[in-house]
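Descriptive structure summary
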Amino acid sequence: MNARVLPYVLILPVTAFLCLFFLYPFVLVAKQAFSTGDGFTLDNFRQVVGYWKFPISLQNTLLLAAAVVPVQLALALLMATMVNKMQRGRDLVLYVWTIPLGISDLAAGIIWLAIFEQSGFLNSMLSGLGVVDRPVNFLSYQHPGVVFLAIALAEIWRATAIMLVILVAGIGLIPKEYYEAAEVFGASPWKRFTRITLPLLRPSLQTALVLRVILAFEVFAVVLALGGTLFPVLMSETYAYQFDLLDSGAAAAMALIILAISIGFTLIILRALRVPKGATI
Amino acid sequence: MAEIQIKNVAKRFGSYQALHDINLTIQDQEFMVLLGASGCGKTTLLRIIAGLETATEGEVWIGGRRVDHLPPKDRGIAMVFQNYAVFPHLTVFENIGFGLRMQKLPNDEVKRRVERTAGLMHIDQLLGRYSGELSGGQRQRVAVARALAMEPDVILMDEPLSNLDALLRMEMRAELKGVLAESNTTAIYVTHDQVEAMSMADRISVMHQGKIVQAASPIEVYRNPAAEFVAGFIGNPPMNFLPATPAGDGKWTVAGQILDGPSRTTPLHFAIRPEDLRPADTGLAATVKVVEPLGAHLLVTCSVDGALFRAVLDSDLTVRRGDTLTLAPQPDRVRWFDPETTLAVA
C-alpha cells in the first residue's frame, strides 16, 4: 500500500472508535447542556451555578486537589528518586508501591472507611490504648476536618503511584553523565536534584501533573465512601443531578464545567512547565 | 602547584580486578595521556582521580593534599566527558558558568569568566544557544570551556575527541593542546588513539590489563618500548617481531641472518619498526604479499621466514607482489624482548 496513506489507514480504527464512543457522546452532552428543549440557552448553567451547594462543592474539590496533588508530587518525586538509586530489588519495590493502582477507587474508599468508621480499626486501637472511653464517630458532621483528612489520606494512598510510575520512567531516561558532570562542577545532591533532575524531568512532570490534576477534579467514589453527603464535590453533585434529581441537562452542564476547569488547569501546567524554546530535553 | 600522585591504587569490581597497584606521579602542568585499548582500566583510573569512583586500595594526592576521601568538587579538578554532558536545558552561557554558579561567584565575575573562556574556545557567538542547536564540535568546545572556566588545578579529559570526525579531531587536537598549555593546568587525558597520545602528550602512560606498562615521553615510548605490548600497540603499522636464537658471543640468528644483539643465552624476540628497514644487499629475505602505496611512502606487507612482516619504503621503489626483497634493519633501531617476561632486554 502507498506509504503515505498507510499511517492514516492504521490509525483509522482508533480514530473511529474515539469518534463513536467519545466525540459523539460528548457532542450529545454538550447539546443537552446548552438546551432545555427549545433552542440554545445557558439556563442549565445558571441553574447549577446558582444552586447553594455549587460554591461549596467547587471549593471542596479545589481544596482537596490543592491538598492532595502537591503532597503526591513531593512523595512521588521522593519515591522515584529512591527507587532509581536502588541497585537490587528495584522492580519488587516498584510493584509493591503500585499495588494501590490496581484497586478501584471505591474499594480504596471502603478500605479507609474500615479504618475511620465508628467500629473501625482506628477506634479499636484508640480505645485499646485507653485514649478514648468509647468509639468516636470521626466521619460525622461534627468533625469536618477529620472527614477532609481521611479523604485526602485515601486519595494520597490510592493515586500517588500513578505519578510515581511516570516519574520513575522519566528519571530513568536522564543520562548519568549529567549527574557526574554536575557533581564534578560542585553541585550538591540537592542542587543536582533541583538543577538537573527537575528541569530534565519537565516533560514527565507535565504528564504526571496533568493526569493527576484531571483525576483530582473527577474525584468521586472515595469521597462518597468516606464523606457521603457531608463533603459535596463537583462530581458527586453531577451524579446527584443525573440520578437523584433526574435532571440530565443540569448534570451535563456540571460535566462541562468540570471539563472546562480541567482544560484550564492543563493549560496552566503545560505553560508553567514548558521547555524553553530551542532547548531539547 | 598541582602535582598528582597515585599511590598503590587498585580497583576491583566484584571479582574483576580493573586496576592493579597503580603508581604514577604527574608533574605540575604536565600533559599526561593515559593510553590503552578499551577495557584496560584507563577510564577507571581517571574516574578515581576525579572522585567519581572510589579506589579499593591506595591513595590519590593532588597538590600535596590527599584527596581520595574528598568529593569531586573539593579536589580542584574539572572534567571533560566523552559525550560532553553539556546540559540540554541550559544555554551555552549557563553551561559554561555552571560550576561558577555552584561556587556562588558574583554575576559579573561569572560573566567575565564565561566570556573569556568562550572567546578562548571561539564560541562567543553561541552563548545564547542550547546544546540541541549545536554541532558535535561546538558541544565539545562548550564542554572544554566549562572546564576551563573553573580555572582548575587539574583538568581531566575522558576521550574528549572520540566522537568527532577525523578532520575536526585533528583540528581540535592542536587547538586543545595550545589552550591547555596556556592555561598552566595539569592535564590528564584518556584516549585509545595513539596518534592523539603521541601528538599531545608530554608523557604517555601506556596501560594494559589494569597495569601501567610504561610511562615515558612519546618519543621514548615509540623508540624504546618497555614491553612487547607497547611495541605492538604504538606505531601504525606496529613493530615487527621475529624469533631470534642465540648464536654465541652476542650474535643472534634471525630468519637465517646473523645479527648483533645482547649477550644472552635464552631465545629472544627481535623487533624492528617498519620504517627502520631499508632494501640492501644483505639482510632479511622478505616475500612481498601486499603493496599499499600511501603517497608519501609505500607500505609493503611481506612474509619473512613465514611470519608477517611490514616495511615502510620509499614510494619511488618499484615493488610488486611476489617479489623477494632483502631488507636490512637499521642496527641502532633494533630492539630485543624476552618472550618469557615480554619485557625489553637491553
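Per chain, residue numbering runs from 1 following the sequence as it is written. Written order determines the labels here, with chains lettered from A and ligands numbered from 1. Only residues with pLDDT of 70 or above have their local features reported here, since the model is predicted, and side-chain atom pairs are shown and tallied only from 80 upward, although totals for entire chains, interfaces and linings are computed over all residues. Hydrogens are left out, water is left out, and the side-chain values use all remaining heavy atoms of the structure.

Turning next to the pattern of salt bridges. Residues and elements named next belong to chain B. Salt bridges, as used here, are contacts in which a Lys or Arg side-chain nitrogen is within 4 Å of a carboxyl oxygen on Asp or Glu. Applying the stated rule across the entire model yields 25 salt bridges over all chains. Residue R116 pairs with E151 through a salt bridge whose shortest N-O separation is 3.5 Å. Here R116, found in helix α4 (residues 107-120), pairs with E151, found in the loop between α5 (136-149) and β7 (154-158); they are 35 residues apart in sequence, far enough to count as distant. The buried label applies to any residue whose accessible area, calculated with a 1.4 Å probe on protein chains only, is under 20% of its type's maximum; exposed applies above 50%, and partly exposed to all values in between. Given the relative accessible area of 38%, R116 is considered partly exposed. Of the charged contacts in the structure, one is a salt bridge between D338 and R264, with a shortest N-O distance of 2.9 Å. With D338 in the loop between β19 (335-337) and β20 (344-345) and R264 in the loop between β13 (257-260) and β14 (268-272), this pair connects stretches of sequence that are 74 residues apart. Look at the salt bridges and you will find they share partners, linking E109, R112, R113, R116 and E151 into a network. Secondary structure elements follow DSSP: runs of H or I of four or more residues count as helices, runs of E of two or more count as strands, with numbering from the N terminus.

Here we come to the domain arrangement of chain B. All names here are of chain B. According to the domain assignment, chain B consists of domain 1 (4-233) and domain 2 (240-345). Relative placement of domain 1 and domain 2: their C-alpha centres are 38 Å apart. Contact between two residues is taken to exist if any of their heavy atoms lie within 4.5 Å; hydrogens are not considered. Every contact between the two is made by 10 residues of domain 1 and, on the other side, 13 residues of domain 2. In this description, buried area is defined as the sum, over both parts, of the accessible area (probe of 1.4 Å) that is lost when the two are combined. A buried area of about 960 Å², summed over both sides, lies between domain 1 and domain 2, and 44% of it is on carbon and sulfur atoms. A per-residue breakdown of the area domain 1 buries against domain 2 is headed by Y222, R223 and E228, which together make up 60% of the total. In this assembly, domain 1 and domain 2 are joined by one salt bridge. The definition of a polar contact used here is a pair of N or O atoms within 3.5 Å, where within protein one atom must be able to donate a hydrogen and the other to accept one, and adjacent residues in sequence count solely through side-chain atom pairs. At the junction of domain 1 and domain 2, the tally comes to seven residue pairs in polar contact (both at pLDDT 80 or more). Broken down by secondary-structure element, the contributors of at least two residues to the side of domain 1 that touches domain 2 are α8 (218-223) and α9 (228-233). Residue ranges labeled as domains rest on an automatic or database domain assignment.

Across the contact, 25 residues belong to chain B and 22 residues belong to chain A. Summing both sides of the interface, chain B and chain A together bury roughly 2200 Å²; the carbon and sulfur share of this comes to 69%. Counting the surface chain B buries against chain A, the share from its top three residues, P88, H89 and M102 of chain B, is 28%. The tally of links from chain B across to chain A stands at one salt bridge. One salt bridge connects R47 of chain B with E180 of chain A, and the closest N-O pair in it is separated by 2.6 Å. If you list the elements that add at least two residues to the side of chain B that touches chain A, you get β6 (77-80), α3 (98-102) and α5 of chain B. Ten residues, namely Ala, Val, Leu, Ile, Met, Phe, Trp, Tyr, Cys and Pro, are considered nonpolar, four, namely Asp, Glu, Lys and Arg, are considered charged, and the remaining ones, Gly among them, are considered polar. Tallied by class, residues from the side of chain B that touches chain A come to 16 nonpolar, five polar and four charged.

Turning to unusual backbone geometry, a few remarks are in order. Residue and element names in this part refer to chain B. N236 connects to P237 through a cis peptide bond whose omega is -5°. Here P237 lies in the loop between α9 and β11 (240-246). The backbone of K104 sits at a positive phi, close to 60°, despite the residue not being glycine. Along the chain, K104 turns up in the loop between α3 and α4. The backbone of T342 sits at a positive phi, close to 60°, despite the residue not being glycine. Structurally, T342 is set in the loop between β19 and β20.

Once that is clear, we can look at the sheet that holds strand β5 (residues 65-66) of chain B. Residue and element names in this part refer to chain B. Only strands joined by at least two bridges in the DSSP assignment are considered to pair. With antiparallel pairing, four strands are arranged side by side in an open sheet as β2-β1-β4-β5. The open sheet terminates on both sides in strands that have one partner only, identified here as β2 (16-26) and β5. Fitted lines through C-alpha atoms give the axes, limited to the stretch in contact for helices. The angle between two N-to-C directions lies from 0 to 180 degrees. Strands β1 (4-13), β2 and β4 (57-62) of the sheet are contacted by helix α1 (residues 42-50), whose axis makes an angle of about 120° with β1.

A few words now on the pairing of β6 of chain B. Residue and element names in this part refer to chain B. Here β6 shows a buried face lined by I77 and M79 and a second buried face lined by A78 and V80. Pairing between β6 and β7: four bridges, direction parallel. Considered in β7, the bridge of A78 is made with I155.

Attention now goes to the packing of helix α3 (residues 53-85) of chain A against helix α7 (residues 144-172) of chain A. Residues and elements named next belong to chain A. Across the interface, α3 lies against α7 with an axial gap of 7 Å and an inter-helix angle of 40°. Considering the angle they form, α3 stands oblique to α7. You can see that α3 and α7 cross each other, and the crossing is right-handed. A per-class count over the contact of α3 with α7 returns 22 nonpolar, five polar and one charged. The scheme is simple: roughly parallel for angles under 35 degrees, roughly antiparallel for over 145, roughly perpendicular for 65 to 115, oblique for anything else. In this scheme the handedness of a crossing depends on how the near helix is turned from the far one: anticlockwise by less than a right angle means left-handed, clockwise means right-handed.

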